[in-house]
Amino acid sequence: MAFWLSTRHLTLSPRSLGALLSSSRRHRAAASTRTKTTYTSPNMPLHISDGQDKAQIDEEVEVLREQNWNLERESILVKTYHFKTYTKVTDFHQVVAVRSKSKNHHPEMITTAGSLTVRWTTHIPHGLSAKDTFMARYCDEQAKVIGTVKQNEAQRCDPGSTAS
Ligand SMILES: C[C@H](O)[C@H](O)[C@H]1CNC2=NC(N)=NC(=O)C2=N1
């Protein structure tokens, strides 16, 4: 839909950017009540933590969605990365864990033989915050360094296969 356009490619004054973003939020809120979608829809309103720069988080989430991040329950960023080996999966897990410890902001991470699913949200104040968008971008950077593959090329847990 047109209101999910990236604003990075547009030249807008802060005032018109704000108007565009709040109009976009209204459209998404309306679409959400119409469709009763409750899971991973581009039409969902965002729940942004109190005290955050809402226009900034809105824009950052929009950019993250272009990088295949999805939204759950309006306030959780989620993405699954696929890797060729289990070693790469656990290396990625460790890199994210170390950074999240130093940032005091902890993800939910689910590993399989060939994938890692990561979720970011802020508990208090509830919603999405700049810590979530920062860590989501960090995950993308580190996954690129380690090297992701398409899902059908990832390590599988088949009988007889050896996870390396
Ligand atoms: C007290 C401490 O700062 C908080 O409990 C931190 C710890 N880690 C956290 N991790 C995440 N993902 N969200 C939080 O809101 C959060 N809060």
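Here the structure is shown first, and the text comes after it.
A brief structural summary. (Residues numbered from 1 in each chain as written. Predicted model: local features only at pLDDT ≥ 70, side-chain atom pairs only at ≥ 80, totals over all residues. Heavy atoms only, no water.)

Here's the deal with the pairing of strand β2 (residues 76–82)
Regular strands place side chains that alternate from one sheet face to the opposite one. Most of β2 is tucked away, with 6 of its 7 residues classed as buried. Sheet topology places strand β1 (residues 70–72) next to β2; 3 bridges connect them, and they run antiparallel. Across the sheet, Asn70 pairs through a bridge with Val78, a residue of β2. Bridge count between β2 and strand β4 (residues 115–120): 6 bridges; the pairing is antiparallel. In the strand pairing of β4, Leu77 is matched with Trp120. (Buried < 20%, exposed > 50% of the residue type's maximum accessible area, 1.4 Å probe, protein only. Helix = DSSP H or I, 4+ residues; strand = E, 2+ residues; numbered from the N terminus. Pairing = 2+ DSSP bridges.)

A short note on the environment of Arg65
Take Arg65: it is sitting in helix α2 (residues 54–66). Residues Arg65 and Lys79, spaced 14 residues apart in sequence, show a C-alpha to C-alpha distance of 9.6 Å.

Brief notes about the environment of Lys150
Structurally, Lys150 is set in the segment after α4 (130–146). What makes Lys150 exposed here is its relative accessible area of 58%. Remark: the alpha-carbon pair of Lys150 and Tyr81, spanning 69 residues in sequence, is separated by 8.6 Å.

Observations concerning the pattern of salt bridges
Going through the model one piece at a time under the given rule, you end up with 4 salt bridges. Of the charged contacts in the structure, one is a salt bridge between Glu60 and Arg137, with a shortest N-O distance of 3.7 Å. Placement of the pair is Glu60 in helix α2 and Arg137 in helix α4, with a sequence separation of 77 residues. Using a relative accessible area of 36% as the deciding quantity, one classes Arg137 as partly exposed. Its salt-bridge partner being Glu108, residue Arg119 comes within 3.1 Å of it at the nearest N-O pair. Taken together, the residues Arg119 in strand β4 and Glu108 in strand β3 (residues 108–111) connect sequence positions 11 residues apart. In this structure, a network of salt bridges that share partners links the residues Glu72, Glu108 and Arg119. (Salt bridge = Lys/Arg side-chain N within 4 Å of Asp/Glu carboxyl O.)

Notes on the site of the ligand
All residues adjacent to the ligand are Asn104, His105, His106, Thr121, Thr122, His123 and Ile124. Here a nitrogen atom of the ligand and a side-chain polar atom of His105 are 3.5 Å apart. Between His106 and the ligand, the recorded distance is 2.6 Å, taken from a backbone N or O atom to a nitrogen atom. Considering the ligand on its own, with 390 Å² of exposed area, one finds that the protein chains cover 61% of that surface. Of the residues contributing to the shell around the ligand, the split by class is 1 nonpolar, 6 polar and no charged. (Near = heavy atom within 4 Å. Polar contact = N/O pair within 3.5 Å; in protein donor to acceptor, adjacent residues only side chain to side chain. Areas by Shrake-Rupley, 256 points an atom, 1.4 Å probe, with all protein chains shown as cover. Nonpolar A, V, L, I, M, F, W, Y, C, P; charged D, E, K, R; others polar.)

Some remarks on the side chain of His82
For His82, the position within the fold is in strand β2. Beyond its immediate chain neighbours, meaning those up to four positions away, His82 contacts Gly114, Ser115, Thr148, Val149, Lys150, Gln151 and Ala154. (Contact = heavy atoms within 4.5 Å.)

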